[in-house]
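# Coordinates in review
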2 protein chains.
Amino acid sequence: MSKVVIVGGGFGGLNAAKALGGSRHDVWLIDKTNHHLFQPLLYQVASAALSPGDIAVPIREILSPYENITVLMGEVTAIDKQKRIVVLKNGDCIGFDYLILSVGARHSYFGKDEWEQYAPGLKTLSDALKIRERILISFEKAERCDSITEAKQYLNFVIVGGGPTGAEMAGAIAEIAYETMLKNFRRIDVTKTKIYLVEGSPHILPVYPESLSIKAEQYLDHFGVKVITGKRVTNISSQGVEVEGNLIPAHNILWAAGNQAAPLLKTLECPLDKQGRAQVESDLSIPDHPHIFVIGDAACAIDKKGKPLPALAPVAVQQGRYVAKLIRKELPKSARPPFSYLDKGTMATIGKTKAIGTFGQIKFHGFLAWLAWCFVHILYLIGFRNRIIVLGQWLFSYFTSKRGVRLVYRSVDEEFPTKR
Amino acid sequence: MSKVVIVGGGFGGLNAAKALGGSRHDVWLIDKTNHHLFQPLLYQVASAALSPGDIAVPIREILSPYENITVLMGEVTAIDKQKRIVVLKNGDCIGFDYLILSVGARHSYFGKDEWEQYAPGLKTLSDALKIRERILISFEKAERCDSITEAKQYLNFVIVGGGPTGAEMAGAIAEIAYETMLKNFRRIDVTKTKIYLVEGSPHILPVYPESLSIKAEQYLDHFGVKVITGKRVTNISSQGVEVEGNLIPAHNILWAAGNQAAPLLKTLECPLDKQGRAQVESDLSIPDHPHIFVIGDAACAIDKKGKPLPALAPVAVQQGRYVAKLIRKELPKSARPPFSYLDKGTMATIGKTKAIGTFGQIKFHGFLAWLAWCFVHILYLIGFRNRIIVLGQWLFSYFTSKRGVRLVYRSVDEEFPTKR
């Protein structure tokens, strides 16, 4: 019986744990939070469509059927490869025979950390609640202004980064401004809201085929979003966002541009790529330590063509299951088949009724793509209850254009917190 | 056309606004938050059964059909009776012809404000989320302990005050410990959880007939709650709760004992009772100012028998509608009929399947009373979507004993905040 410690209960860690459930191993899963988060729908919490509880399930609830798995809530601050222990923030040490690190990534500001206070990123439920609050309070502040000039600054939204999160948030904010809020205000005209999506590459959603990216830009344009491509953000301040020298005045800025793997990986003392991800070998273990694996967004794994695998949920899920299998069989390094990612396609949704996607060589877009997106996301959501509730909320939003969770907990007079 | 300012979007203020909707008056509703909160179900958010969004609806969404109503998010810090203005925290002044104050109450610690850091009260969504977090983190901390002696302190729960909130929370925590969490932990035995409900009166739920209070105590006892009545809490500290000198060691203490009306009423400079409520006249206006009304938990209104009306949602609802009617008709003080409360009965739920209630002279209790409680609360919940979702969550909880929203946003290593 080996002791397996898994750090992180995201897609990678959770699936590794489930695949080790019922085995003869003593499995410990440690996570900073108490819940598994269905990150692909996080932007819907940030845009007031879903409640945090709809897309998050307690990890110990999911793993309760497996008696060989112990779940601990705690933060791992260091790893000692030689002693084979992980160290928790409260000083506790937990030994391991095998270690699976699935610690994910946070947003990175390319060295401009001072931008964070003005442009929060979206990775956790707390991030999402903060962003939701900023969006909603902005409209409230605008309603309190005495002139439209004064109100304007609160009605400008800038999203930096045209990846899936950026595109999804832009579409969602457009829906809030131009549909949900339409009859809710008396003093401001919410249709004066301006939403900018800024992307440095020639097109948004650059991982998709160009024709689909162009389609997505057209959809966003149709929903009222101003898409700015091929231009770089040069500064972010309390005044707004500077795009190659031109200031867009805004209080609502969302960062969806860069990722950086969790800092814990530095304590591993193994080769990291420039995003801070561990450069793993073909079996996802780190060099010279065949019993330590890194998976998901924290790993830089190379596919057969020599390219790094994308930071997507299905990659993490498959990696978690793969590593669990190696451990169940206790295969020595030499006997391990290399990990190989089976790409089942990817999708991104744009606004309320459109999506784009690829499935092998097939490209699709439009309303049917959006229905497929809904179906796939409901299907992969964990827990019967969450599926029903999310489906119910979506049907409600689809037919009413209302958003179910427009809550603000802070006072409108408080300044936005400057640090997370 | 008169200008009517309503402060507070709770049961009283919201119903006053709705009853003034479509009138020729210019109505302004000002609230600190952006949502109307269905407070009778707040304990279900604190006990992880419902999401905040399930019991809260944006005020401006509810009032959007009425074009004569403007909703402002802001905090009123003072009232000038002579100039007929309310002053907002940001310095804005809003004039009024009529003023309706529906500003509610917060919990009071009978002068022992230092107890608050150890024993938070339950009035707002932020309170509920804080309490939910404390309850859930306690079990997490217990699971990290190396001995049962150490873990015990985290498995003791003390609720101070045996009114409806106290009784409901005690039942809910019992359900969490003895049913929901049963198979979720490996190192601690959650059935070792102890829940104490301390009430100074001879019986809990003292506003109910004694036979029903005794029934409620029996239900709680059956669910595993230790009910301590006729004894006073003499101290609360980081060690736990002292009940007439005997210490119950606990980290989880909930305050459900006293209320104090909102401090804003002091700026009214009118007679207040010892709970800080405005002593209103028979038309709910304050002495010498027939155009200023105080309703709901902020008012001490006297019924026909000379007793103050209880702090209940139906009282506030009826008062809001009554005041709106006076204003619509612009009745002079002399022509106003006195407010009279129509008591449709009250109910309190105990644990998952029991409730007690009165309806005129009729007393009822047990499972059918609980079904009636569910029915009435679904009925009065605002918004079609919320009704469906809450009903869905209840059915799910009833059949699975699971709780849908067991989320913690903080780190388990942070100390509990000492001040709200």
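Since this is a predicted model, take the numbers as computed values, not measurements. Counting of residues starts from 1 at the beginning of each chain's written sequence and follows it residue by residue. Chains and ligands are labelled sequentially in the order written, the chains with letters from A and the ligands with numbers from 1. For this predicted model, a pLDDT threshold of at least 70 governs which residues receive local features, and a threshold of 80 or more governs which side-chain atom pairs are given and counted, while totals over whole chains, interfaces and linings are taken from all residues. As a rule here, side-chain values cover all heavy atoms of the structure and leave hydrogens and water aside.

## Some points on the overall build of chain A
For clarity, the threshold we go by: Helix numbers and strand numbers start at the N terminus; a helix is a DSSP run of H or I with at least 4 residues, a strand a run of E with at least 2. A radius of gyration in this sense is built from C-alpha atoms; the matching globule rule multiplies 2.2 Å by the number of residues raised to 0.38. Only protein chains enter the area calculation, which uses a 1.4 Å probe; residues under 20% of their type maximum are buried, those over 50% are exposed, and those in between are partly exposed. Working rule for contacts: check all heavy atoms of both residues, and any pair within 4.5 Å makes them a contact. Each accessible area is a Shrake-Rupley result for a 1.4 Å probe, and residues are judged covered by the shown protein chains and nothing else. Charged-residue counts in this description rest on Lys and Arg as positive and Asp and Glu as negative, His and the chain ends being excluded. One atom stands in for each charge, and that atom is NZ of Lys, CZ of Arg, CG of Asp or CD of Glu.
Secondary structure summary: chain A contains 10 helices and 25 strands in total. For chain A, whose C-alpha radius of gyration is 22 Å, the value lies close to the compact-globule estimate of 22 Å for 420 residues. Projecting the C-alpha coordinates of chain A onto the three principal axes gives extents of approximately 70 × 50 × 45 Å. Across the 420 residues that make up chain A, the buried fraction comes to 58%. Partitioning the contacts of chain A with sequence separation of at least 6, the portion at a separation of at least 24 is 64%. Summed over its atoms, the accessible surface of chain A is roughly 17300 Å², and 54% of this surface lies on carbon and sulfur atoms. Counting 51 positive and 40 negative side-chain charges, chain A places the centres of these two groups 4 Å from one another.

## Some words on the sheet that holds strand β23 (residues 346-350) of chain B
Residues and elements named next belong to chain B. Counted only if it meets this: Here, strands pair whenever DSSP counts at least two bridges between them. Where helices are involved, their axes are fitted lines through C-alpha atoms of the stretch in contact, as for all axes, and angles between N-to-C directions lie from 0 to 180°.
Judged by pairing direction, the sheet is antiparallel, and its three strands sit side by side in the order β23-β24-β25 without closing on themselves. Both edges of this open sheet fall to β23 and β25 (362-366), since each of them pairs with a single strand only. Along the sheet, successive strands turn relative to each other by an average axial angle of 10°, direction set aside. Sheet topology note: the β23/strand β24 (residues 354-359) ladder contains five bridges and is antiparallel. Residue pairing for β24: Ile-350 is matched across the bridge by Lys-354.

## Overview of a nonpolar patch on the surface
Residues and elements named next belong to chain A. Where we set the bar: Residues enter patches when their relative accessible area tops 30% and they take part in no salt bridge; the joining distance is 9 Å for like charges and 5 Å for the nonpolar side chains Val, Leu, Ile, Met, Phe, Trp and Tyr. Think of a salt bridge as a Lys or Arg side-chain nitrogen and an Asp or Glu carboxyl oxygen that are within 4 Å of each other.
The grouping of Phe-367, Leu-368, Leu-371, Leu-391, Leu-395, Tyr-398 and Phe-399 at the surface amounts to a nonpolar patch, some 710 Å² of accessible area in total. For the nonpolar patch, the secondary-structure elements that each account for two or more residues are α9 (367-380) and α10 (384-400). At four residues, the largest contribution of residues to the nonpolar patch is made by α10. By the secondary structure assignment, Leu-395 is in helix α10. According to the relative accessible area criterion, Leu-395 is partly exposed, its value standing at 46%.

## Looking at the interface of chain A and chain B
Test applied: When two components associate, each loses some accessible surface as probed by a 1.4 Å sphere; the sum of these losses over both components is called the buried area. Identification of polar contacts relies on pairs of N or O atoms within 3.5 Å, with a donor-acceptor requirement for protein atoms, meaning one able to donate a hydrogen and the other able to accept it, and with residues adjacent in sequence counted only if both atoms are side-chain atoms.
If you look at the interface, chain A gives 55 residues, while chain B gives 55 residues. Taken together, both faces of the contact between chain A and chain B bury some 4600 Å²; the carbon and sulfur share is 52%. The interface formed by chain A and chain B contains three salt bridges. Here Arg-60 of chain A and Glu-140 of chain B are joined by a salt bridge, their closest N and O atoms 2.7 Å apart. Viewed at the interface, chain B and chain A are joined by 14 residue pairs in polar contact (both at pLDDT 80 or more). Counting residues per element, the ones that place at least two in the side of chain A that touches chain B are β4 (56-58), α3 (59-62), β5 (69-73), α4 (125-144) and α10 of chain A.

## A closer look at the packing of aromatic side chains
Residues and elements named next belong to chain A. The following threshold applies: Aromatic pairing here means that ring centres of Phe, Tyr or Trp (its six-membered ring) are within 6.5 Å. Orientation follows from the plane angle: under 30 degrees is stacked, over 60 is edge-to-face, and everything else is tilted.
For the structure on display, the rule yields 18 aromatic pairs over all chains. Residues Phe-11 and Phe-38 carry aromatic rings whose centres are separated by 5.8 Å and whose planes lie at 70° to one another, so their mutual orientation is edge-to-face. Note that Phe-11 is positioned in helix α1 (residues 11-20) and Phe-38 in the loop between β3 (35-37) and α2 (42-46), a separation of 27 residues in sequence. Classification of Phe-11 as buried rests on a relative accessible area of 16%. One aromatic cluster in this structure is built from Tyr-109, Phe-110, Trp-115 and Trp-255.

## Quick look at the pattern of salt bridges
Enumeration according to the criterion identifies 23 salt bridges over all chains in this entry. One salt bridge connects Glu-61 of chain B with Arg-406 of chain A, and the closest N-O pair in it is separated by 2.8 Å. Here Arg-406 of chain A lies in the segment after α10 and Glu-61 of chain B lies in helix α3 (residues 59-62), a pairing that spans two chains. Look at Glu-61 of chain B and you get buried, because its relative accessible area is 14%. The salt bridge partner of Lys-352 of chain B is Glu-179 of chain B, with a shortest N-O separation of 3.6 Å. With Lys-352 of chain B in the loop between β23 and β24 and Glu-179 of chain B in helix α6 (residues 164-180), this pair connects stretches of sequence that are 173 residues apart.

## Some details on the confidence of the model for chain A
Stated formally: For every residue, the pLDDT score states the predictor's confidence, bounded by 0 at the bottom and 100 at the top.
Residues of chain A with pLDDT of at least 70 account for 98%, and the chain-wide mean is 92. Confidence estimates for the predicted assembly give a pTM of 0.90 and an ipTM of 0.87.

## Structural notes on the state of the cysteines
Applied cut-off: Note on terminology: disulfide denotes any pair of cysteine sulfur atoms within 2.5 Å.
Overall, the coordinates contain zero disulfides over all chains when judged by the stated rule. Cysteine Cys-145 of chain B is unpaired, with the sulfur of Cys-93 of chain A as its nearest cysteine sulfur at 17 Å.

## Regarding the sheet that holds strand β12 (residues 194-199) of chain B
Residues and elements named next belong to chain B. If you walk across this open sheet you meet the four strands as β13-β12-β11-β17, and the pairing is parallel. Edge positions in the open sheet fall to β13 (225-229) and β17 (252-255), since each of these has one partner strand only. Each adjacent strand pair in this sheet contributes to an overall mean axis angle of 15°, direction not counted. Of the strands in this sheet, β11 (156-160), β12, β13 and β17 are in contact with α6, which crosses β12 at around 175°.

## Here's the deal with the environment of Ala-167 of chain A
All names here are of chain A. By secondary structure assignment, the location of Ala-167 is in helix α6 (residues 164-180). On a C-alpha basis, the gap between Ala-167 and Arg-336 in space is 39 Å, while along the polypeptide they are 169 residues apart. The contact partners of Ala-167, leaving out residues within four places of it in the chain, are Leu-197, Leu-205, Leu-220 and Ile-350.

## With respect to the relation of the copies chain A and chain B
Put simply, the test is: Least-squares superposition aligns the copies on the C-alpha atoms of those residues with pLDDT at or above 70 in both.
Taken as rigid bodies, chain A and chain B are interconverted by a rotation of 180° and an axial shift of 0.0 Å, the fit giving an RMSD of 0.0 Å. What the superposition gives is, in effect, a two-fold axis relating one chain to the other. A share of 100% of interface residues in chain A that are also interface residues in chain B marks the association as one of identical surfaces.

## Some points on the environment of Ile-135 of chain B
Residue and element names in this part refer to chain B. Inspection of the secondary structure puts Ile-135 in helix α4 (residues 125-144). According to the relative accessible area criterion, Ile-135 is buried, its value standing at 4%. Linking Ile-135 and Ile-253, residues 118 residues apart in sequence, is a C-alpha distance of 9.4 Å. Excluding residues within four positions of it along the chain, Ile-135 makes contact with Ala-46, Phe-157, Met-169, Ile-173, Ile-176 and Asn-252.

## Points about unusual backbone geometry
Glycine aside, residues mostly have negative phi angles, and peptide bonds mostly take the trans form. All names here are of chain B. Despite not being glycine, Glu-244 shows a phi value in the positive range, around 45°. Take Glu-244: it is sitting in the loop between β15 (240-243) and β16 (246-249). Here Glu-244 falls in the partly exposed class, since its relative accessible area comes to 43%. Although it is not a glycine, Glu-330 adopts a positive phi angle of roughly 45°. Mapped onto the elements of the fold, Glu-330 is located in the loop between α8 (313-329) and β23.

## Focus on the packing of α4 of chain A against α6 of chain A
Residue and element names in this part refer to chain A. As a reminder of what qualifies: Rotating anticlockwise by less than a right angle from the far helix to the near helix defines a left-handed crossing, while the corresponding clockwise rotation defines a right-handed one. Amino acids outside the nonpolar list (Ala, Val, Leu, Ile, Met, Phe, Trp, Tyr, Cys, Pro) and the charged list (Asp, Glu, Lys, Arg) are all regarded as polar, and Gly is one of them.
The contact between α4 and α6 brings their axes to 12 Å, and the two run at 35°. Crossing of α4 over α6 shows right-handed handedness. Residue-level inspection shows Ile-131, Ile-135 and Phe-139 of α4 in contact with α6, the latter providing Met-169, Ile-173, Ile-176 and Ala-177. Among the residues making up the contact of α4 with α6, the classes are represented as seven nonpolar, no polar and no charged.

## Side note on the pairing of strand β24 (residues 354-359) of chain A
All names here are of chain A. The turn joining strand β23 (residues 346-350) and β24, which pair antiparallel and follow one another in sequence, is formed by three residues; a positive phi near 65° is taken by Gly-351. Pairing geometry for β24 and strand β25 (residues 362-366), over five bridges, is antiparallel. Bridge pairing links Gly-357 to Phe-364 in β25. The hairpin formed by β24 and β25 contains two residues between the paired strands, and Gly-360 there has a positive phi angle of roughly 60°.

## Quick word on the side chain of Asn-386 of chain A
Residue and element names in this part refer to chain A. Locating Asn-386 in the fold gives a position in helix α10. Here the side chain of Asn-386 touches Gly-53 through a polar contact of 3.2 Å, landing on its backbone oxygen. A distance of 2.8 Å separates a polar side-chain atom of Asn-386 from the backbone oxygen of Asp-54. Those residues in contact with Asn-386, other than ones at most four positions away along the chain, are Gly-53, Asp-54, Ile-55, Ala-56, Val-57 and Leu-381.

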